Amino acid sequence: MRFVGQKHKTLQIDNQKKLPGRAAYVCPSQLCIQKAFKSPRRINSLLRVQLTSVVIERFEEVLLEWTEKSASTTGKKEELP
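This is a predicted model, so every value here is computed, not measured.

*Asks:* What's the story with the confidence of the model for the protein chain in this structure? I'm lost.
*Replies:* Caution is warranted with low-pLDDT regions, since their predicted coordinates should not be read in detail. For the protein chain, per-residue confidence averages 88 on the pLDDT scale, and 90% of positions sit at 70 or higher. Scored below 50 in pLDDT, residues 77-81 shows 8 contacts in the model against residues more than four places distant or in partner chains.

This is the structure:
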């Protein structure tokens, strides 16, 4: 999944790969998302933005909810260690 740090201090999923701005990719599994979003400083550094930890944590929650819904609709359960 591609996501972009927007100028108005938000993060946005970019499925079409057309949004402007610096982007990062994360695989669509809960474990991968949790590792990628372990540190808000890391996300800010990767995207070269200054987002608050609240914005980053909320975006992580949205991604985790999305992967959970996606896994339940396909009948696949992702296991966390």
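*Asks:* It is not clear to me how the pattern of salt bridges should be interpreted in this structure. Could you clarify?
*Replies:* When their charged atoms lie close together, side chains carrying opposite charge are able to pair. Applying the stated rule across the entire model yields 3 salt bridges. Between Arg 2 and Asp 14 there is a salt bridge whose closest N-O contact spans 2.1 Å. In this pair, Arg 2 is assigned in strand E1 (residues 2-6) and Asp 14 in the loop between strand E2 (10-13) and strand E3 (23-25), connecting sequence segments 12 residues apart. Between Glu 65 and Arg 58 there is a salt bridge; the shortest N-O distance is 3.9 Å. Take Glu 65: its relative accessible area is 39%, and that puts it in the partly exposed class. By relative accessible area, which is 42% here, Arg 58 ends up partly exposed. Within the structure, one salt-bridge network assembled from shared partners comprises Arg 58, Glu 61 and Glu 65.

Quick notes on the rules
- Residues numbered from 1 in each chain as written.
- Predicted model: local features only at pLDDT ≥ 70, side-chain atom pairs only at ≥ 80, totals over all residues.
- Heavy atoms only, no water.
- pLDDT = per-residue confidence, 0-100.
- Contact = heavy atoms within 4.5 Å.
- Salt bridge = Lys/Arg side-chain N within 4 Å of Asp/Glu carboxyl O.
- Helix = DSSP H or I, 4+ residues; strand = E, 2+ residues; numbered from the N terminus.
- Buried < 20%, exposed > 50% of the residue type's maximum accessible area, 1.4 Å probe, protein only.

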